Amino acid sequence: MSSYAFLAGVPQWAAVVAAVAIVSTLGYTGAALWLWTAAAALALLGWGAPAWLWGVAAAAATLFNVPALRTVLLSRPVMRLLRKLQLLPVISETERIAIEAGSVWVDGELFSGRPNFARLMSEPYPELSAVEQAFVDGPVEQLCAMVRDWDVHVTKDLPPAAWDFIRQERFLGMIIPREYGGLGFSPSCNSAVQAKLATRCGVLATVVGVPNSIGPAELLVHYGTEEQRARYLPRLASGADIPCFALTEPGAGSDAGKIRASGVVFRGTDGALYLRLNWEKRYITLGAIATLLGLAFKLRDPENLLERGTNPGITCALIPAGLPGITQGHRHDPLGVPFVNSPLWGHDVVVPVDAIIGGAAQAGNGWRMLMESLAAGRGISLPAAGTGGVKAAARVAGAYAAVRQQFGLPIGAFGGIVEPLARLGGWAYMLEAARRYTCGGLDGGAKPAVVSAIMKYNCTELSRKAVGDAMDILGGAAISRGPRNLLASGYAAAPIGITVEGANILTRTLMIFGQGAIRCHPYAIREISALQADDAPAFDAAFWAHIGHVVRNAFRALLLSVTRGWLAGGAGGGALRRYRRRLLWASASFAFLADTAMVRHGGALKRMEQLTGRFADVLSWMYLATATMRRFEAEGRRSADVPLAAWALEYALLQMQTAFDGLYANMGWLAAGPLAAWSRLNSLGSGPTDALGQRVADMLLQPGPQRDVITTGVYRCTNTAEAAGRLEHALQLTAQASGLLRKVRSAVRSGQLRKGSAQQELAAALQQGIISSADAELLRAAEAAQDDATQVDSFTLDEYAMGGNATALQLHMALPEVAVVA
């Protein structure tokens, strides 16, 4: 060691500690390369390095810190190596369009490994405008009151009065601008309307949702010519035209790029250009009754008449349904749920070339149109329906668990019921938070393809789980169909939401992380693009920044794990501070593992769907947790909401940890490393405690503001001639009578009253003055309401045999209520 070493007198252990602290600080903060260089120089100076080592260090510093030199000597060879080893995926034109569709929003923060919580918590969490709220409180409520789910099940359609009202109030034109006769509502309002309708009748939500989702109106607003907008949008807004969009085919489901529907450009005898179309489509919602078909097909132009090549590619066009060659009028039967879903055929259908949405200039741009529209639209309709379904299930199950008596107690008093009730309450709070948070981004113009995929997947999956939990709680009352059954239709429909707009298996394994790993990663798309363009300077800038990104996240993942997130002490205040810390910890671990997997597996990673699915789970639950925290902040950090937010966040952390454990166990050489063992010893969370679950369940078991917070936006039926109204009425009376019932039972336990039937105890309590006459009347009314609310339907053999035809409908309409059995 040189005599000039200024650390000569420092104890070795202190020097080592100082070095570790400096390196950890530089790594954790993602320090710039020049700071690392300066630190290395100080280390060499402190230990009195010999001249030759200074020379090596100076050469290395020059190589890494001078971009022009680094590009030639390092980045060029790295590019050749990456091509040889195929460590970065090759992106086809179809994949490129899908990846570039839409925008990166807060998903980019979560993917970064160092999310900016100030930004995440300042994203809009919007309220509806006065006009929009008036629509939700007025026409939407009126429409809900006009439709009974059982009647729709029997007749296989909405009532004619409901169809007329939908047209009159322009429900089908919510996304159409006012200047074209529509309502011009925001995505937030569009979502809120569909969510409320879904709590009343799934078919009703579908009828209104599909025209306001990905289809002719959406495509015309964004891509149509002015002539097309003026011609079609007013008719779509008024309901004069019923739209559908035909994409899926027998051979092209999730792989929509494989469609075989074709269109050929030709010149007619009048000199004008036309398209000759042929197609076979299936699963087309509203297809059998649509008057205006949106059609996706592959366009060929053998003579290059459009001057866009002989094979322009996937194109979208608008086709009037009455043209020769079109076959409609058939229906699929999707699990007995009677929304109109249909096959469509077209044989040599001829339309002018200006039927192409956007005119001839948009020939071949159909795939881009669809991907850009899905980037936003996938985040609205199905997430709204799924969220509405979870909230409705929570409201019904909570009321039933309070009203239904077994073993002398409401079934909600049993732990086996509390557990699924807590899930229902926690999921409802979380999904409403995510719905509102996502719509805030959409209102601001974001088109976050990855977030929309997260929402579609998780809202429909949790809706399926929620209706299953509610079915378990209601038991026989949930499996006996009839007008009293409030869950069967949702249970039957659950797999439909799972399947449409990108089947959930595909959405989880390919879209959320498959797109996210490239689209949301701060450097991956830049590296891939530079590699494909052979742009060495651009690759150099992205690649070395990526290396710094990996180093930073490795340090952050390790140090946040060791300190269980406490190192992120400035993550924010309030009751949810600990969850913010853990989310920062999860984000760093996720980002580091994602880069590790990309290096380990290269371009083959996108085919390793068990791994990509687990990465998608982590990203999904980080987003849902973020939305939950944003809701808690936006609604004023109400202390009464702490159990709801805490339950949701504990649950989210458990799902992240489960996914991390699966990644550690299945990432090849990493599985045997210290990360797997450390994960088991130092997990993000073990899930909500029973005590926390009890607090959430209690909110659903009694009427009041917290039950309304959990189920905000649910249509609340007050008509006691209907099952939902009867159940709500019974819950109210049960709550009012609960104190009196406890008083009577206390008298029985103390020996003041002799144990007997409920009616005997009630009569004795009245006789002895323990309760008043008014009290006794309330107790009798509550018991009668409980009995009524828990009855189930029955049918005569003839009624049951004719359950789907007009005769059966007449039988049901002739009776105020079908016969019931206990």
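In this report, the structure presented in the accompanying data block is examined. Computed from a prediction, not measured in an experiment: that's the story for all the values here. (Residues numbered from 1 in each chain as written. Predicted model: local features only at pLDDT ≥ 70, side-chain atom pairs only at ≥ 80, totals over all residues. Heavy atoms only, no water.)

**Section: the environment of Leu692**
And then number 1: Structurally, the position occupied by Leu692 is in helix α28 (residues 690–700).
And then number 2: What makes Leu692 buried here is its relative accessible area of 12%.
And then number 3: Separated by 270 residues in the primary sequence, Leu692 and Ala422 place their C-alpha atoms 8.4 Å from one another. (Helix = DSSP H or I, 4+ residues; strand = E, 2+ residues; numbered from the N terminus. Buried < 20%, exposed > 50% of the residue type's maximum accessible area, 1.4 Å probe, protein only.)

**Details of helix α30 (residues 723–750)**
And then number 1: Taking 1.5 Å per residue as the helical rise, α30 with its 28 residues ought to reach 40 Å, and the 38 Å between its terminal C-alpha atoms agrees with that figure.
And then number 2: At Ser738, α30 is deflected by roughly 45°, the largest bend along its length.
And then number 3: Phi turns positive one or two residues past the end of α30, at Gly751, with a value near 90°. (Expected span 1.5 Å × (residues − 1). Bend = angle between axes of the 7 residues up to and from the residue.)

**Structural notes on the packing of helix α22 (residues 524–533) against helix α23 (residues 536–562)**
The axes of two packed helices give the description: the angle between them and the distance between them.
And then number 1: Direction vectors running N to C along α22 and α23 enclose 150°, while the axes themselves pass 8 Å from each other. Comparing the axis directions of α22 and α23 gives the class roughly antiparallel. Relative to α23, the crossing made by α22 is left-handed. The segment α22 lies against α23, with Arg526, Glu527, Ala530 and Leu531 engaging Ala538, Phe539, Ala541, Ala542, Phe543 and His546.
And then number 2: In terms of residue class, the contact of α22 with α23 is built from seven nonpolar, one polar and two charged. (Axes fitted to C-alpha atoms, helices over the stretch in contact; angles between N-to-C directions. Parallel < 35°, antiparallel > 145°, perpendicular 65-115°, else oblique. Left-handed = near helix turned anticlockwise from the far one by under 90°. Contact = heavy atoms within 4.5 Å. Nonpolar A, V, L, I, M, F, W, Y, C, P; charged D, E, K, R; others polar.)

**Looking at the environment of Gly366**
And then number 1: When you line up the elements, Gly366 lands in helix α15 (residues 366–377).
And then number 2: In this structure, the C-alpha to C-alpha distance between Gly366 and His347, residues 19 residues apart in sequence, is 21 Å.
And then number 3: Contact partners of Gly366, with chain neighbours within four places excluded, come to Ile314, Thr315 and Cys316.

**Overview of the packing of aromatic side chains**
And then number 1: Scanning the entire structure with this criterion turns up 22 aromatic pairs.
And then number 2: Residues Phe135 and Phe185 carry aromatic rings whose centres are separated by 5.1 Å and whose planes lie at 65° to one another, so their mutual orientation is edge-to-face. One end of the pair, Phe135, is in helix α8 (residues 130–146); the other, Phe185, is in the loop between α10 (160–168) and α11 (187–200), and 50 residues separate them in sequence. Grouping residues by exposure puts Phe135 and Phe185 together as buried.
And then number 3: An aromatic cluster of at least three residues, connected via ring pairs, comprises Phe64, Phe539, Phe543 and Trp544.
And then number 4: We note Arg276 situated over the ring of Phe266; from NZ or CZ to the ring centre the distance is 4.2 Å.
And then number 5: Against the face of Tyr28 rests Arg556, its NZ or CZ located 4.7 Å from the ring centre. (Phe/Tyr/Trp six-rings, centres within 6.5 Å; stacked < 30°, edge-to-face > 60°. Lys NZ or Arg CZ within 6 Å of the ring centre and 35° of its normal.)

**What about the side chain of Glu728?**
And then number 1: One can find Glu728 in helix α30.
And then number 2: Taking the relative accessible area as the measure of exposure, Glu728 reaches 16% and is therefore buried.
And then number 3: Polar side-chain contacts of Glu728 include one of 3.2 Å to the side chain of Arg395.
And then number 4: Leaving out residues up to four positions away in the same chain, Glu728 has contacts with Arg395, Arg707 and Cys717. (Polar contact = N/O pair within 3.5 Å; in protein donor to acceptor, adjacent residues only side chain to side chain.)

**Overview of the packing of α11 against helix α16 (residues 381–403)**
And then number 1: One way to put it is that α11 packs onto α16 with a least axis distance of 7 Å and a crossing angle of 45°. Considered as vectors, α11 and α16 are oriented oblique to each other. Helix-helix and strand crossings are classified by hand; for α11 and α16 the assignment is right-handed. Along the contact surface, α11 presents Ser191, Gln194, Ala195, Ala198 and Thr199, while α16 presents Ser381, Ala384, Ala385, Gly388 and Ala392.
And then number 2: Its residues placed into classes, the contact of α11 with α16 shows five nonpolar, five polar and no charged.

**A word on unusual backbone geometry**
And then number 1: You will see that Arg170, though not glycine, has its phi angle at about 60°, which is positive.
And then number 2: Positionally, Arg170 belongs in the loop between α10 and α11.
And then number 3: A relative accessible area of 30% means that Arg170 is categorised as partly exposed.
And then number 4: The phi dihedral of Leu286 falls on the positive side, at around 70°, and the residue is not glycine.
And then number 5: Within the secondary structure, Leu286 is located in the loop between β3 (273–285) and β4 (292–300).

**Here we look at the pairing of strand β2 (residues 262–267)**
And then number 1: Relative to β3, β2 runs antiparallel, the two being bridged by six bridges. Within β3, the residue paired with Val265 across the bridge is Leu275.
And then number 2: Examined bridge by bridge, β2 and β4 share three bridges and lie parallel to one another. Across the sheet, residue Ser262 finds its bridge partner in β4, namely Lys298. (Pairing = 2+ DSSP bridges.)

**Some thoughts on the pattern of salt bridges**
And then number 1: A complete count under the given rule lists 30 salt bridges for this structure.
And then number 2: Salt-bridge contacts for Arg580 lead to Glu633; the nearest nitrogen and oxygen are separated by 2.8 Å. With Arg580 in helix α24 (residues 577–601) and Glu633 in helix α25 (residues 609–634), this pair connects stretches of sequence that are 53 residues apart.
And then number 3: We classify Glu633 as partly exposed; its relative accessible area is 22%.
And then number 4: One salt-bridge network, in which partners are shared between bridges, spans Arg395, Arg707, Asp708, Arg716 and Glu728. (Salt bridge = Lys/Arg side-chain N within 4 Å of Asp/Glu carboxyl O.)

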